Amino acid sequence: MAAVKELQRDLENKANDLNKLQKDIAKNHQVRKKYTIQLGENELVLKELDLLNEEANVYKLIGPVLVKQDLAEANANVRKRIDYISAELKRLDATLQDLEEKQNSKKEAIFKLQQRIQALQAGKGKA
Amino acid sequence: MAASSSRMEIEKLSLEQLRGLKEQADLEVNLFQDSLNNIRTATARLEIASSALHDLSLRPQGKKMLVPLTASLYVPGTLDDAEKVLVDVGTGYFIEKTMVEGKDYCERKIALLKSNYDQLLEVATKKKSIADEAGAVLQAKLKQLSPAH
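Residues numbered from 1 in each chain as written. Chains lettered and ligands numbered in written order. Predicted model: local features only at pLDDT ≥ 70, side-chain atom pairs only at ≥ 80, totals over all residues. Heavy atoms only, no water.

1. Points about the interface of chain B and chain A
Rules: Should any heavy atoms of two residues lie within 4.5 Å, those residues are counted as being in contact. Note: buried area is the sum, over both parts, of the accessible area (probe 1.4 Å) each one loses when the two are combined. A pairing counts as a salt bridge when a side-chain nitrogen of Lys or Arg comes within 4 Å of a carboxyl oxygen of Asp or Glu.
Of the residues lining the interface, 14 residues belong to chain B; the matching set on chain A comes to 18 residues. When chain B packs against chain A, close to 1,400 Å² is buried across both sides, 59% of that on carbon and sulfur atoms. It is T91, Y93 and F94 of chain B that lose the most area in chain B upon contact with chain A, and together they represent 42% of the buried surface on that side. On the surface where chain B and chain A come into contact, there are three salt bridges. The closest approach of N and O atoms between R108 of chain B and E48 of chain A, which form a salt bridge, is 2.9 Å.

In structure tokens:
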């Protein structure tokens, strides 16, 4: 009897863990989406900047102020941002894979636990 | 040909799986619809910008105009050089372009959005037909089960 109770408590714990894992995975997807959108926007800007010849004026909006920027500097900034976002996306990918593996093994563990509980309860019923 | 083979695969699925497939497909179709609407709105805004540019190019320098400072406050002013325009290219960057380049920018963006829209429409239509098929097969199976009583 006590064995079943303990197994059930363990089951509850594992279910909570699974829940948290799923929330983390959902959050990962959200952050990923945001970064992907930013990456796309930055790549568009880079394309526009590449089309310009040397003398064109480029301005950056910093708060309420439009500041004149050097074309080379603007290019460098956008490229750096693109590199940063790509690195972040790669990191998120690795985290996501790790989370999904943990989620799967947690699901398996829960399933096995449930089977043991059912077996024990069936055994008790007969006795 | 492709439609009939996918239908056979759908028929092999159990009731539960069929329900799941239809729900999933419906969700995706809704997402696609939202994206299609967003693209249409953005394209409309770009076209307004393009026609405003065109209108601006027709005005002579020194023309009296009203300049918006806020949504409800305009101040009188005169049009300076309409040959140069500032284009918002995203992530806080603005590029000074000539009127011709500005118009070209609008045209390019509109073309890009139109092609995105077409691609998305293709995918969305395919997904919708999968959703419809799943729904039809589901109905048929449910009908098969009930008159048995």
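2. Some remarks on the UniProt feature "coiled-coil region" (unreviewed entry) in chain A
Stated formally: UniProt positions are given in the numbering used here, feature names are shortened, and annotations may be inferred rather than shown by experiment. Helix and strand definitions here come from DSSP, where helices need a minimum of 4 consecutive H or I residues and strands a minimum of 2 consecutive E residues; each element is numbered from the N-terminal end.
Within the UniProt annotation, "coiled-coil region" (unreviewed entry) is assigned to residues 82-116 of chain A. Secondary structure content for residues 82-116 of chain A is 100% helix and 0% strand, while the C-alpha to C-alpha distance between its ends is 51 Å.

3. Some points on a negative patch on the surface
The test is simple: Patch membership requires over 30% relative accessible area and the absence of a salt bridge. Like charges are linked within 9 Å, and nonpolar side chains (Val, Leu, Ile, Met, Phe, Trp, Tyr) within 5 Å. Surface accessibility follows the Shrake-Rupley procedure with a 1.4 Å probe radius. Residue values consider only the protein chains on display as shielding. Only four residue types enter the tally: Lys and Arg on the positive side, Asp and Glu on the negative side, with His and both chain ends excluded. Every charge is mapped to an atom, namely NZ of Lys, CZ of Arg, CG of Asp or CD of Glu.
There is a patch of like negative charges on the surface, built from E54, E55, D70 and E73 of chain A. Among the structural elements, E54 of chain A can be located in the loop between α1 (2-51) and β1 (58-62).

4. Some details on the pairing of strand β2 (residues 65-69) of chain A
Residues and elements named next belong to chain A. To be explicit about the condition: Two strands pair under a simple rule: DSSP has to find at least two bridges between them.
Relative to β2, β1 runs antiparallel, the two being bridged by five bridges. For V58, the partnering residue across the bridge sits in β2 and is Q69. Hairpin connection of β1 to β2: two residues between the antiparallel strands, including G63 at a positive phi of 65°.

5. Digging into the side chain of T43 of chain B
All names here are of chain B. As a reminder, the rule being used: Think of it in three bands: with a 1.4 Å probe and only protein chains considered, a residue is buried below 20% of the maximum accessible area for its type, exposed above 50%, and partly exposed in between.
Locating T43 in the fold gives a position in helix α2 (residues 15-58). The class for T43 is buried, based on a relative accessible area of 11%. Setting aside chain neighbours within four positions, we find T43 in contact with I110 and L113.

6. Re unusual backbone geometry
The phi angle at T91 of chain B is positive, at roughly 45°, despite the residue not being glycine. When you line up the elements, T91 of chain B lands in the loop between β3 (84-90) and β4 (93-98).

7. Considerations on the pattern of salt bridges
Applying the stated rule across the entire model yields 18 salt bridges over all chains. D10 of chain A is the salt-bridge partner of K14 of chain A, the closest N and O atoms lying 3.4 Å from each other. Taken together, the positions of K14 of chain A and D10 of chain A, both in helix α1 and four residues apart, correspond to about one turn of that helix. Through salt bridges with shared partners, a single ionic network connects E48 of chain A together with K97, D104, R108 and K109 of chain B.

8. Here's the deal with the nonpolar core
Taken as a class, soluble globular proteins show a tendency for nonpolar side chains to be buried jointly. Rule in force here: In plain words, nonpolar cores are sets of buried Ala, Val, Leu, Ile, Met, Phe, Trp, Tyr and Cys residues tied together by side-chain atoms within 4.5 Å.
V45, L49, L52, V58 and V78 of chain A together with V89 and Y93 of chain B are the most contacted members of the largest nonpolar core, which has 24 residues in total. For this core, the elements supplying multiple residues, two or more each, are α1 and α2 (71-126) of chain A together with β3, β4 and α3 (99-145) of chain B. Looking at this core element by element, the count peaks at seven residues for α2 of chain A. In this view, Y93 of chain B contacts V45, V58, Y59, K60, Q69, A74, N77 and V78 of chain A together with V87 and D88 of chain B; residues no more than four positions away in its chain are not counted.

9. Here we look at α2 of chain B
Worth spelling out the cut-off: The span you would expect from a helix comes to 1.5 Å times its residue count less one.
Its 44 residues place the ends of α2 of chain B 65 Å apart at the C-alpha level, agreeing with the 64 Å of an ideal helix rising 1.5 Å per residue. Of the residues making up α2 of chain B, those classed as buried are L18, A25, V29, F32, L36, I39, T43, L46, S50 and L53 of chain B.

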